[in-house]
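Survey of secondary and tertiary structure
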Amino acid sequence: MFGSVQSVASPAQATSWFVSGQILFVLIHVLGLACFAYIATRRMAPLMRGERDPRFDRPWMRLQRVLQYWLGQWKHPRYPGAGLIHIVIFGGFIVLAVRSISLVAFGISENFAIPVLPAGAAHAYDAITDYAATLVFFAVVIAAIRRIVFKPARYAVPARFGKGHPVDAIFLLGLIAVLMLADGLFEATKAAAHLPPGHMASFGLLSLPWMFNIVLASTTLVTIGKVHLGAVLVHEATFYFLLCYRPFGIQFHVITSLFNVCFSKLDRGTVKPVRWGISDVNLDQVKSFGLKKFEDFTWKHMLDFYSCADCGRCSDNCPANAVGRPLSPRFLTIKARDYSFRHYPVFGRPSDGTPLVGGVFSDDEIWSCTTCGVCEEECPLLIEYIDKIVDLRRGLIDDGKVPQSLQRPLKALESRGNPYGKMEKKRADWAKTKEFQQTCQVKVLSGNGGARTLYFVDSITSYDDRIQAIGRATARILDHIGEDFGILGVAEKDSGHDARRFGEEMLYMTLRDHNVDAIKATGVERIVTADPHAYNALKHDYKNVPPVEHISQVIAGGVLSGRIKLLPVENESSVYTYHDPCYLGRHNQLYDAPRDVLDAIPGLKRVEMSRCRERSFCCGGGGLMLFYEAKEDQRMGVARVKMAAEAGANVIVTACPFCMVNIEDAIKVAGMEGKMTAIDLAELVDQQIAREPATPPTPTRLERETAIQGG
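Overview of the structure. (Residues numbered from 1 in each chain as written. Predicted model: local features only at pLDDT ≥ 70, side-chain atom pairs only at ≥ 80, totals over all residues. Heavy atoms only, no water.)

**Focus on helix H2 (residues 59-71)**
Buried within H2 are the following residues: Arg 62, Arg 65, Val 66, Tyr 69 and Trp 70. Note on H2: the residue one or two positions beyond its end, Gln 73, has a positive phi of about 50°. (Buried < 20%, exposed > 50% of the residue type's maximum accessible area, 1.4 Å probe, protein only. Helix = DSSP H or I, 4+ residues; strand = E, 2+ residues; numbered from the N terminus.)

**Considerations on the nonpolar core**
If you look at the biggest cluster of nonpolar residues, it comprises 141 residues, and the most contacted ones within it are Phe 361, Ile 519 and Val 653. Per element, the largest residue contribution to this core is seven residues, and it comes from helix H22 (residues 505-522). Residues contacting Ile 519, with those up to four places away along its chain left out, are Leu 454, Phe 456, Leu 488, Val 524, Ile 527, Leu 538, Val 545 and Pro 546. If you look at the next biggest cluster of nonpolar residues, it comprises 22 residues, including Ala 132, Ala 177, Leu 179 and Leu 208. (Core = buried A, V, L, I, M, F, W, Y, C linked by side-chain atoms within 4.5 Å. Contact = heavy atoms within 4.5 Å.)

**A short note on the packing of aromatic side chains**
Using the criterion set out here, one finds 21 aromatic pairs in the structure. An angle of 90° between the planes, with centres 5.1 Å apart, marks the rings of Trp 70 and Phe 90 as edge-to-face. Residue Trp 70 is located in helix H2, and its partner Phe 90 is located in helix H3 (residues 80-106); the two are separated by 20 residues in the primary sequence. Taking relative accessible area as the criterion, Phe 90 reaches 15% and is therefore assigned buried. Among the aromatic residues, those joined into a cluster by ring pairs are Phe 294, Phe 297, Phe 305 and Tyr 339. (Phe/Tyr/Trp six-rings, centres within 6.5 Å; stacked < 30°, edge-to-face > 60°.)

**What to know about the side chain of Arg 330**
When you line up the elements, Arg 330 lands in helix H12 (residues 329-343). Separated by 2.8 Å, the side chain of Arg 330 and the backbone oxygen of Arg 154 make a polar contact. Among all residues touching Arg 330, those that are not within four sequence positions of it are Arg 154, Tyr 155, Ala 156, Val 157, Asp 310, Gly 312, Cys 314, Ser 315 and Tyr 385. (Polar contact = N/O pair within 3.5 Å; in protein donor to acceptor, adjacent residues only side chain to side chain.)

**Focus: the sheet that holds strand S6 (residues 526-529)**
Strand order across the open sheet formed by five strands is S3-S5-S4-S6-S7, with parallel pairing between neighbours. In the strand order of this sheet, the two ends are held by strand S3 (443-444) and strand S7 (548-550), each with one partner. Pairing of strand S4 (residues 453-455) with strand S5 (residues 485-487) involves two bridges; the strand directions are parallel. What sits directly across from Leu 454, in S5, is Gly 486. In this fold helix H20 (residues 468-480) packs onto S4, S5 and S6, with an angle of close to 165° to the strand it touches most, S4. Sitting on the sheet, helix H23 (residues 532-541) touches S6 and S7, and the angle it makes with S7 is about 160°. (Pairing = 2+ DSSP bridges. Axes fitted to C-alpha atoms, helices over the stretch in contact; angles between N-to-C directions.)

**Some words on helix H6 (residues 208-216)**
For H6, the complete set of buried residues consists of Leu 208, Pro 209, Asn 213 and Leu 216. What you see down the axis of H6 is that its buried residues fit within an arc of 130°, all on one side. (Arc of directions from axis to C-beta.)

**Remarks on the sheet that holds strand S8 (residues 575-578)**
Strand order in the open sheet formed by four strands is S9-S8-S10-S11, with parallel pairing between adjacent strands. Of all strands in the sheet, those with a lone pairing partner are strand S9 (605-607) and strand S11 (677-680), marking the two edges. Across the sheet, the mean angle separating the axes of adjacent strands is 35° when strand polarity is ignored. Both S8 and S9 contribute to a ladder of three bridges, which runs parallel. When the sheet's bridge partners are listed, Val 575 is paired in S9 with Lys 605.

Right, here's the structure in full:
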């Protein structure tokens, strides 16, 4: 690609400090590559000691992720300013890759060229790379100004999380700028060496080589030769220094991000097993559950620590962080990475391990997570948090360190099969009220062939007086569309979804196995539930059960097929907004069905909150979080209610019983009773269904004769 410079000595031919250029550059290459190989090997040491983690399945899907999220920078535009800057820098480096490698090798051989391109294509590539280097240079200047002058809040480091790395970030940006300047100066001097003094080469207008060419137009050939050699030296020294410096800080992600995206988690809504490769029946052979020391992390989760770009997007969207809980996903990763660097230093021997909880993390930050998943949704490098937090909780529970407020519901789950500690025989009482039975009869399935569909109710809908209304609404909707359905009744136990995510794996397995046996005994063909947590458990955690649907999907299908016709809203002044439950939206991508149902109700006015769909804000009340007494400045539910008010809504619609409990409570706490109401999607649809008026029974002859006599 690069022709030799005819008028001045090429870097390979030049002599510096009594050493030929070729020998000097060979030494730079050998030392640079050797240093990087040594540092990379040392950084790999903890990964070699980490737990196993099978990440080599579904190669085509992994390739697609690399193309979409790594090469395509899919998530960066979610933050337009910083995202555009990053895309420019990343794209520039991709375009410049071939020229950078060529320039690195140019000191050894002036005729080195990769790849071999036709003359026209080579000239076109050179023109493109000139502008690429220019754009990258100005992008890093803008990025540095943002960090120094504007200082976005998400880059800040609260005192409780330690110190930030602003100097490191600016220094790295400076090194990239030097690389781009050296590249442009090399191109300008190479061209100037071929021209008579006072003449200018033709470069793209306003590109770096064009700017340098203006300066070099009246420069002597001797000076041009020195600058030409200096540009190559600076480029190669900076190239290798940057390569070896990156594994010591936030720029490590430049090296590891491709692999992190490639080996990212493919299945939403799932939780890693206690140990990969150990079946449930052999779990009793595992001496210790969960994460207790650094080596208990899997190699992939250690790679996550190296791959964090410290951009703060996860914490900027984390609801726990937003309401002042002692949790910031960003610093979970940063603290673990810093510990890894100390525990496995590049120079010296590994130090003795420090307990993770109490040494690196605090109990409160581990229990503060709602597992809503917004941190993982936002991360451009697909770093995982939920599996790590669940594993840390497993370790705490294994050591008997359970928060006081969670001890009672967990014990109740173990003894009664529900976190409320209520009698098993009362699980189906919600369906036995006299008024409800006059409109809908719910079968309790006790054997094979009792019904086609199982309505899995779960604990909160079975026992909470307010939420039982959602259960009855769901049953009436299923009855209205002619679904042959029933419930398990006393045979049903809690789905165990949140027990598992709170670290009680063995308890979860007991609940799951009981429910799987009960479901199989009914012979049903499908399952419907109105609880996103139960939906997620049945879909992802349970095995060998019939397919499951959320009631919102059933309703949307009924509306589309015409089996459900909806009446216009009575109060036209009401403005509705839909709150996406975390385990229905982010974890299972069900965003459109509930909205389609709302939009099918004539006259209903709907607005979106600023945080909606994949960026929805957690209500804070999912599962056992209803029982956890968190340290926080404000309730998540209160923050969510305020978002609804800011959007201009006065009715919040959700599709999760836990969200309903928390949002209704938040309306009271926020002092918005009478101004804001909440309703479940199933309740709203049940209220708006156009039902055929009941046909009165045909009177008997005695009744007719009595009526005539009375008339």
